[in-house]
Amino acid sequence: MSTIIAQFQRTRSAAASLAMASGETRNAILRHMALLIQEKSVNILQENQKDLDQMSVDHPMRDRLKLTPERLVDLAESVISVTQLADPAGHVLSQKTLPNGLELTKITVPLGVVGVIFESRPNVTIDVAALCIRSGNAAVLRGGSDAFHTNTILVDIVHQALTQQGISTDVVYLMPTDRELVSTLLTAVKYIDVLIPRGSEALIQRVRKESLVPTIETGAGVCHTYVAESADLKMAVEVVVNAKVSRPSVCNSLDTIVLHRSIASEFLAQVREPFTAHAVKVYADESSYTILESLGYPLLEKAIEADFGREFLDFACSIKVVDDFSEALAHIATYSSRHSEAIITSDESEANYFLSAVDAAAVYWNASTRFTDGGQFGLGAEIGISTQKLHARGPFALEKLVTEKWIGKGQGQIR
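Residues numbered from 1 in each chain as written. Predicted model: local features only at pLDDT ≥ 70, side-chain atom pairs only at ≥ 80, totals over all residues. Heavy atoms only, no water.

1. Observations concerning the overall build of the protein
Applicable threshold: Only DSSP runs of H or I covering at least 4 residues are called helices, and only runs of E covering at least 2 are called strands; the numbering of each starts at the N terminus. A 1.4 Å probe rolled over the protein chains alone gives each residue an accessible area, and that area as a share of the maximum for its type sets the label: buried under 20%, exposed over 50%, partly exposed in between. In this description, accessible areas are obtained by the Shrake-Rupley approach with a 1.4 Å probe, and a residue is regarded as covered only by the protein chains that are shown. Under the convention used here, Asp and Glu are negative, Lys and Arg are positive, and both His and the chain ends fall outside the count. One atom stands in for each charge, and that atom is NZ of Lys, CZ of Arg, CG of Asp or CD of Glu.
Counting secondary structure elements, the protein contains 14 helices and 16 strands. Each principal axis of the C-alpha distribution contributes one length, and for the protein these read about 80 × 60 × 35 Å. For the protein, buried positions account for 54% of its 415 residues. A total accessible area of about 18000 Å² is found for the protein, and carbon and sulfur atoms account for 51% of it. In the protein, the 38 positive side-chain charges and the 49 negative ones have mean positions that sit 8 Å from each other.

Written as C-alpha cells, this is what we have:
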C-alpha cells in the first residue's frame, strides 16, 4: 500500500508540470500516441488476444474487451480528434473590479488528478489518457483484470509519447489489478481530485458507498424506445433494431421497447424477422408475449418485474405494451436509469412533450439511443456517460475536465 501511495504522490506532483505545459506540447503527445497505436497495432492485438483467451466466448463483456484493426484505427482517430478541440483550461469566465479597485477574474483550470475505475473496455485507457493530457490533468487508471495485458501495452504507448515530449510518465499511472488496492484509491483524498467509475452497476454502487474522493458517476444505461400510436412503423423498426443490435454490449443500446397497444401487433410482426436474424431474446409482457407466440418467435420468455429496469448488455430486451402516452411516460420514469430515452412518433406536440418531460441525460425523437456518445456528439473521446446532474451530464468529455479558479489582483487592498 505504501508503494501505491508513493506513486499517487508522484502523479500529483507530475500533474502540476503537465498543467503548465503548452497546448502544443500536449497535442504533440496525443499525435504521437495516435501514431504508435497504428504502428504497434499487431502488438496491441496480440496482447488483447491474451485477455480474450481468458474470457469465455459467450461472455456478454467479450465485445467490449475485443479490439480489432478497425477499432484501433477508430481509437487512433479519436485521439487525433481530441487535438482538434479547444483547450478547456484557461478560459476567462468572468471579470469584475470591486469598488475598492481589486480586480477579480474567474478562469477555468484543470481538475488536477482524475481517477478512473473501469471494466473490460481497454479503449477507455486511451480515451481517458488523451482527454486528461489535452486538458492538463494527470490520470490514475484502475482497469479490470480481464483487460490487464491490453491496458498494460496501451499505457506503455502513452508513456512513450509522454517521454518524447519530456513529460514525466507519472502523469498517467496504471494501478495493479489487486482488489484490495481499490479501497486505497477510494480513500486517497490527498492525491486524487475526482473519481469516475465506469462499469457495472455493482462497481458504481461500491464507489458511491465507499469513496471519500468526490465522484462523477457514469451510470448504467437502461434505455427505452417508445413506439407511439402515430409512429412510422418502417422507421420504428429500423431505429429499434439499430438501437438493440448494432452493439448491444454498450451502455447506449436499447433495453426496453415500449409499444402503444394500437400498433403493437403490426410492429412486432415487422420486427420479428430482423430480431430473429440477430437472435435477440425477448422478455415480453403478457400482451406482447401473446402476439409474439402467435408469430412463432423462437427466443421468447415471459417477462418478470426484474426484466424492466434491467441493463441487458447483450442480444436481449424486454417489451412493455401500454394503453396511452401517459402510461408510457410513467413506465419510463419508473424504470429509466436517466441515460438515453427515445420516442418514435409523427406527432410533433407529443414528441416535444416527451423531450421536455423525460428526465434523462439524452432524449431523442425519431432517432436511435446509440447516438449518445462523445465522438458522435463532436466532443472527441469520452470518459463515459454521466447520469447525474452535478458538474457533468451526458457524454463526459474534454470540456468538463476543468474546474474554476478566482484570481485577485490588487494594489495593497485590505479588508
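2. A look at the packing of helix α2 (residues 23-39) against helix α6 (residues 123-135)
Rules: Note on definitions: angles span 0 to 180 degrees between N-to-C directions of axes, and those axes are lines fitted to C-alpha atoms, for helices only across the stretch in contact. By definition in this entry, angles of less than 35 degrees are roughly parallel, angles greater than 145 are roughly antiparallel, angles of 65 to 115 are roughly perpendicular, and the rest are oblique. Crossing handedness is defined as follows: a turn of the near helix away from the far one that is anticlockwise and smaller than a right angle gives a left-handed crossing, while the clockwise case is right-handed. By the convention used here, residues are in contact when the closest approach between their heavy atoms is within 4.5 Å. Throughout, the ten residues Ala, Val, Leu, Ile, Met, Phe, Trp, Tyr, Cys and Pro are labelled nonpolar, Asp, Glu, Lys and Arg are labelled charged, and all others, Gly among them, are labelled polar.
Where α2 contacts α6, the two axes come as close as 8 Å, and the packing angle between them is 160°. When the axes of α2 and α6 are compared, the pair comes out roughly antiparallel. Seen from above, α2 lies across α6 with left-handed handedness. Counted together, Gly-23, Arg-26, Asn-27, Ile-29, Leu-30, Met-33 and Ile-37 of α2 and Ile-126, Ala-129, Ala-130, Ile-133, Arg-134 and Ser-135 of α6 form the full contact between these two elements. For the contact of α2 with α6, the class distribution of residues is 8 nonpolar, 3 polar and 2 charged.

3. Observations regarding the sheet that holds strand β13 (residues 362-365)
Test applied: For two strands to pair, DSSP has to find at least two bridges joining them.
Across the sheet, 7 strands lie side by side as β10-β9-β11-β8-β7-β12-β13; this open sheet has parallel pairing. In the strand order of this sheet, the two ends are held by β10 (300-302) and β13, each with one partner. Shown here is a sheet whose adjacent strand axes are inclined to one another by a mean of 20°, direction ignored. Of the pairings in the sheet, the one linking strand β7 (residues 223-227) to strand β8 (residues 254-260) comprises 5 bridges and is parallel in character. What sits directly across from Val-227, in β8, is Leu-259. Sitting on the sheet, helix α14 (residues 348-357) touches β7, β12 (340-344) and β13, and the angle it makes with β13 is about 175°.

4. Brief notes about the pattern of salt bridges
Two side chains of opposite charge can pair, provided their charged atoms sit close to one another. Put simply, the test is: By convention in these notes, a salt bridge is any Lys or Arg side-chain nitrogen within 4 Å of a carboxyl oxygen on Asp or Glu.
With the rule as written, the count across this model stands at 17 salt bridges. With its nearest N and O atoms 3.1 Å apart, the salt bridge here joins Glu-210 to Arg-206. Highlighted residues: Glu-210 and Arg-206, both in helix α9 (residues 201-210), separated by 4 residues, approximately one helical turn. Assessed through its relative accessible area of 38%, Glu-210 is described here as partly exposed.

5. Here we look at unusual backbone geometry
In this model, Leu-313 sits at a positive phi of 55°, which is unusual for a non-glycine residue. Residue placement: Leu-313 occurs in the loop between β10 and β11 (316-322). With phi around 65°, Arg-338 is a residue other than glycine that occupies positive phi space. Judged by relative accessible area, which is 40%, Arg-338 ranks as partly exposed.

6. Digging into the layout of surface pockets
Put simply, the rule is: For each structure, a 1 Å grid was placed over the protein atoms alone; sets of points admitting a 1.4 Å probe that cannot get out are labelled cavities, open sets with protein on both sides within 12 Å along at least five of seven lines are labelled pockets, and lining residues have an atom within 4 Å of a point. Grid points are joined across faces, edges and corners, and a volume is the space filled by probe spheres set on the points.
What the largest pocket holds in volume is close to 780 Å³. Lining the largest pocket are 30 residues, and of these Asp-74, Arg-121, Asn-123, Arg-247 and Asp-373 sit closest to its centre. Contributions of two or more residues to the lining of the largest pocket are made by α5 (69-83) and α6. The element that contributes the greatest number of residues to the lining of the largest pocket is α5, accounting for 6 residues. Tallied by class, the residues present in the lining of the largest pocket amount to 7 nonpolar, 11 polar and 12 charged.

7. Structural notes on helix α12 (residues 286-294)
As a reminder of what qualifies: It is the directions from the helix axis to the C-beta atoms whose arc is reported.
Along α12, the residues that are buried comprise Ser-288, Tyr-289, Ile-291 and Leu-292. Burial along α12 is one-sided: seen end-on, the buried residues are contained in an arc of 165°. Looking at α12, the residues exposed on the side facing more than 90 degrees away from the buried face are Glu-286 and Ser-294. Residues of α12 that are buried in the fold lie against α11 (261-277), β9 (281-284), β10 and β11.

8. Let's talk about the packing of α6 against helix α7 (residues 148-164)
One way to put it is that α6 packs onto α7 with a least axis distance of 9 Å and a crossing angle of 25°. Put simply, α6 runs roughly parallel to α7. For the pair α6 and α7, the crossing hand works out as right-handed. Only Asn-151, Leu-154, Val-155, Val-158 and Leu-162 of α7 make contact with α6, whose side of the interface consists of Thr-125, Ile-126, Ala-129 and Ile-133. For the contact of α6 with α7, the class distribution of residues is 7 nonpolar, 2 polar and no charged.

9. Overview of the sheet that holds strand β6 (residues 194-198)
If you walk across this open sheet you meet the 4 strands as β5-β4-β3-β6, and the pairing is parallel. Edge positions in the sheet fall to β5 (172-174) and β6, since each has one partner strand and no second. On average, adjacent strands in this sheet sit at an angle of 15° to one another, irrespective of strand direction. Pairing between strand β3 (residues 113-118) and strand β4 (residues 138-142): 5 bridges, direction parallel. Directly across from Ile-117, in β4, lies its bridge partner Arg-142. Along the sheet face, α9 touches β3 and β6 and points at about 160° away from the line of β6.

10. What about the pairing of β11?
In terms of residue burial, β11 counts as a mostly covered element, since 6 of its 7 residues are buried. Across 5 bridges, the pairing between β8 and β11 is parallel. In the strand pairing of β11, Leu-259 is matched with Val-321. Examined bridge by bridge, β9 and β11 share 4 bridges and lie parallel to one another. The residue bridging Ala-284 from the neighbouring strand is Ile-319, located in β11.

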